Structure formats: C-alpha cells, structure tokens
Amino acid sequence: MEDKIQSIHICFWFLEMDYNPVVKIEELSSSIKSIINQDLMYNNEGIHNLISMPRIQGMSKDNMYFFTMSLINANLSINVKEEMDNDEAILLVNNLIQLLYDLLKRIYDVEIIYTSIKLELISLDMKKKSEFSQILHLNEDDYHDFSLRKGFNKDDYYINYIINLNREYNYNISKPANNIQRDLFDRTMLISLQEATLSKEYLLYIIEINDRYAYNNDSKYRTSKENIRGMILELKDILENHKYKRI
C-alpha cells in the first residue's frame, strides 16, 4: 500500500530585509502568477518589528497553493488534492523551488541563508503502528496517540523524520447557510467523541530536509542552486527507499 503525499512545503530563510517587500508587489504578482492566480494580499506594517509577520500572502483559486512572505522568509505550501507518486512530487518540488529561488533573487536580491523542503505523507498501513508500539514497549490499548521524531545531519543538511498517529472523526454538525470551514472546525472542539464516529486512523509521516547545518558551521554560507539540487536528490533517495520509516 503506497503512502499518499498530502502536502508539500518550501521555505526560504534570508537575512532580514530593511524594507517592506510590498514595494515590489506588482513585479512579484506578475512573476508568481503561474502559481498564485489571484491578487496578492498585503499589509504596510513597518520594519524592524514583527519581522516574521507576513507582509504578503496569496492563495490560488483552487486553494492548492498558499504563499506568504515576511521580512525574513518566504513560504509556499502545496495542498496535494490528487494522487501524486514520488517522481511527480520530486518534479513538482524541483520546478517550484527553482522558480521561487530565481524570483526572490531577481526581484528582492535577498541573501538566502538556508532553505527547507518538507513533505507530509499519509499511510494507512497500520502494521507500522504495531511495530512502533513493540519498539517502544507500549501496549496499544494503553495510549490514544503517539509521535516519534528522529533528527540527524548528513553532509550539509539536517534531516528530520516525524511519525504521528492521527485519527479523523465524523461529526454530526448542522451547517448554517453561511458556514465557513474555520467555524466547522471550531465546532468540532465542542463535541464529545462519544457523539462522533471514527472514520479513519492513519500514520502521518513528515520528512524535512534543510541546509541550515551548513549555515550553522559557516555564517557566510548562502544557499545556491547546487545546494538545492543536492537536497532534491537526497529527498528522492529518502522517498524511493522509504528511509523515513526507519526510526
């Protein structure tokens, strides 16, 4: 049973900007139109404070892509709606990360000090749940959920694997005519699980790779396209050989 990729997250960290990136929003909007095909939202918050607050954000019409940019980072999250195999995921990540790298350098000339790629995968293979329970000497009847994390460095990279046990429930919620997704989620927090039905139990695997290790060891280090290609190749090897399951 193949694991399903649920989401992809790309993040560039750069030295703090000394101006609000909104001043170049028209050029950014034009350059990112192939991903974010709606008008970008922005604020005119000053600089030097609240440096991680998004100054720019935008979402694609189909809600697949969500982009944010602050004074210190730029993020692109991809909500994978259809089945995507490993090769397709690697190709998508490679295309998007190259596009974003180029436009950030061209438009803002930022110094990218490190870059992160994160994948979230859903696995319905609950045999792994029993294996992890045995490794941790846990009786499956004695816990409701668990989370395991392994972090290490390889070459210039930090690599993190996280495994979470997740459950989804069906809630009998009356939907008012003007309901929004956030209200529906918040209403689930008011309902006892005694009144809900378990619909799915699965393992959520998170793979994250970044080149901060190189930056930590050399403050003059800056992410290059060659570094990005190295991360892509490492991610491809992790997926192909299911290394993220070996905690």
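Relevant structure appears above.
Residues numbered from 1 in each chain as written. Predicted model: local features only at pLDDT ≥ 70, side-chain atom pairs only at ≥ 80, totals over all residues. Heavy atoms only, no water.

### Structural notes on a negative patch on the surface
1) Next: On the surface, E2, D85, D87 and E88 cluster together to form a negatively charged patch.
2) Next: With respect to the element layout, D87 can be found in helix 2 (residues 86-108). (Patch = residues over 30% accessible without salt bridge, like charges linked within 9 Å, V, L, I, M, F, W, Y side chains within 5 Å. Areas by Shrake-Rupley, 256 points an atom, 1.4 Å probe, with all protein chains shown as cover. Salt bridge = Lys/Arg side-chain N within 4 Å of Asp/Glu carboxyl O. Lys, Arg positive; Asp, Glu negative; His and termini not counted. Charge placed at Lys NZ, Arg CZ, Asp CG, Glu CD. Helix = DSSP H or I, 4+ residues; strand = E, 2+ residues; numbered from the N terminus.)

### Topic: the sheet that holds strand 2 (residues 41-42)
1) Next: Spatial ordering of the open sheet is given by 2-3-4-5-1-6-9-8-7, a layout of nine strands whose pairing is antiparallel. Strands with a single pairing partner mark the edges of an open sheet, and in this sheet they are strand 2 and strand 7 (147-154).
2) Next: Sheet topology places strand 2 next to strand 3 (residues 56-59); two bridges connect them, and they run antiparallel. Bridging across to strand 3, M41 finds its partner in Q57.
3) Next: Along the sheet face, helix 6 (residues 225-240) touches strand 1 (4-14), strand 6 (112-123), strand 7, strand 8 (157-171) and strand 9 (196-210) and points at about 20° away from the line of strand 6. (Pairing = 2+ DSSP bridges. Contact = heavy atoms within 4.5 Å. Axes fitted to C-alpha atoms, helices over the stretch in contact; angles between N-to-C directions.)

### Topic: the packing of aromatic side chains
1) Next: Taken as a whole, this structure holds seven aromatic pairs when the rule is applied.
2) Next: Ring centres of F152 and Y161 lie 5.7 Å apart, and the angle between their planes is 70°; this geometry places the pair in the edge-to-face category.
3) Next: Ring geometry for Y205 against Y244: centres 5.1 Å apart, planes inclined by 75°, an arrangement best described as edge-to-face. Highlighted residues: Y205 in strand 9 and Y244 in the segment after helix 6, separated in sequence by 39 residues.
4) Next: Judged by relative accessible area, Y244 falls into the buried class, the value being 2%.
5) Next: Clustering of aromatic rings is evident, with ring pairs tying together W13, Y114 and Y215. (Phe/Tyr/Trp six-rings, centres within 6.5 Å; stacked < 30°, edge-to-face > 60°. Buried < 20%, exposed > 50% of the residue type's maximum accessible area, 1.4 Å probe, protein only.)

### Focus: helix 6
1) Next: Helix length check: helix 6 (16 residues) gives 22 Å between terminal C-alpha atoms against 22 Å at 1.5 Å per residue, within 8%.
2) Next: Those residues of helix 6 not exposed but buried are N227, I228, M231, I232, E234, L235, I238 and L239. Down the axis, helix 6 shows its buried residues gathered within 165° of arc, on one side only. Every exposed residue of helix 6 that faces more than 90 degrees away from the buried side is listed here: E226 and L233.
3) Next: Buried residues belonging to helix 6 abut strand 1, helix 2, strand 6, strand 7, strand 8 and strand 9.
4) Next: At the exit of helix 6 stands H242, carrying a positive phi of roughly 50°. (Expected span 1.5 Å × (residues − 1). Arc of directions from axis to C-beta.)

### Observations concerning the pairing of strand 3
1) Next: Alternating positions in strand 3 separate cleanly, I56 and G58 being buried on one face and Q57 and M59 remaining unburied on the opposite face.
2) Next: Relative to strand 4 (residues 65-69), strand 3 runs antiparallel, the two sharing four bridges. By the bridge assignment, Q57 is partnered in strand 4 with T68.
3) Next: Here strand 3 hands over to strand 4 after five residues, with N63 in that stretch at a positive phi of 65°.

### A word on helix 2
1) Next: Taking 1.5 Å per residue as the helical rise, helix 2 with its 23 residues ought to reach 33 Å, and the 32 Å between its terminal C-alpha atoms agrees with that figure.
2) Next: Capping of helix 2 at its N-terminal end is provided by D85; its side-chain oxygen lies 3.2 Å from the backbone amide nitrogen of D87. (Polar contact = N/O pair within 3.5 Å; in protein donor to acceptor, adjacent residues only side chain to side chain.)

### What about the side chain of N20?
1) Next: Relative to the assigned elements, N20 resides in the loop between strand 1 and helix 1 (25-31).
2) Next: Residue classification places N20 among the buried positions, given a relative accessible area of 11%.
3) Next: In this structure N20 touches N43, N44, E45, I47, R55 and L71, once residues within four positions along its chain are discounted.

### Remarks on the side chain of T188
1) Next: Structurally, T188 is set in helix 4 (residues 181-188).
2) Next: Setting aside its immediate chain neighbours within four residues, T188 contacts Y171 and I173.

### Notes on the packing of helix 2 against helix 6
1) Next: Contact geometry of helix 2 with helix 6 gives a least axis separation of 10 Å together with a crossing angle of 165°. Comparing the axis directions of helix 2 and helix 6 gives the class roughly antiparallel. Like other packed secondary-structure pairs, helix 2 and helix 6 cross with a definite hand, here right-handed. Contacts between helix 2 and helix 6 pair N86, D87, I90, V93, N94, I97, Q98, Y101 and D102 from the former with K225, I228, R229, I232, L235, K236, L239 and E240 from the latter.
2) Next: Tallied by class, the residues present in the contact of helix 2 with helix 6 amount to eight nonpolar, three polar and six charged. (Parallel < 35°, antiparallel > 145°, perpendicular 65-115°, else oblique. Left-handed = near helix turned anticlockwise from the far one by under 90°. Nonpolar A, V, L, I, M, F, W, Y, C, P; charged D, E, K, R; others polar.)

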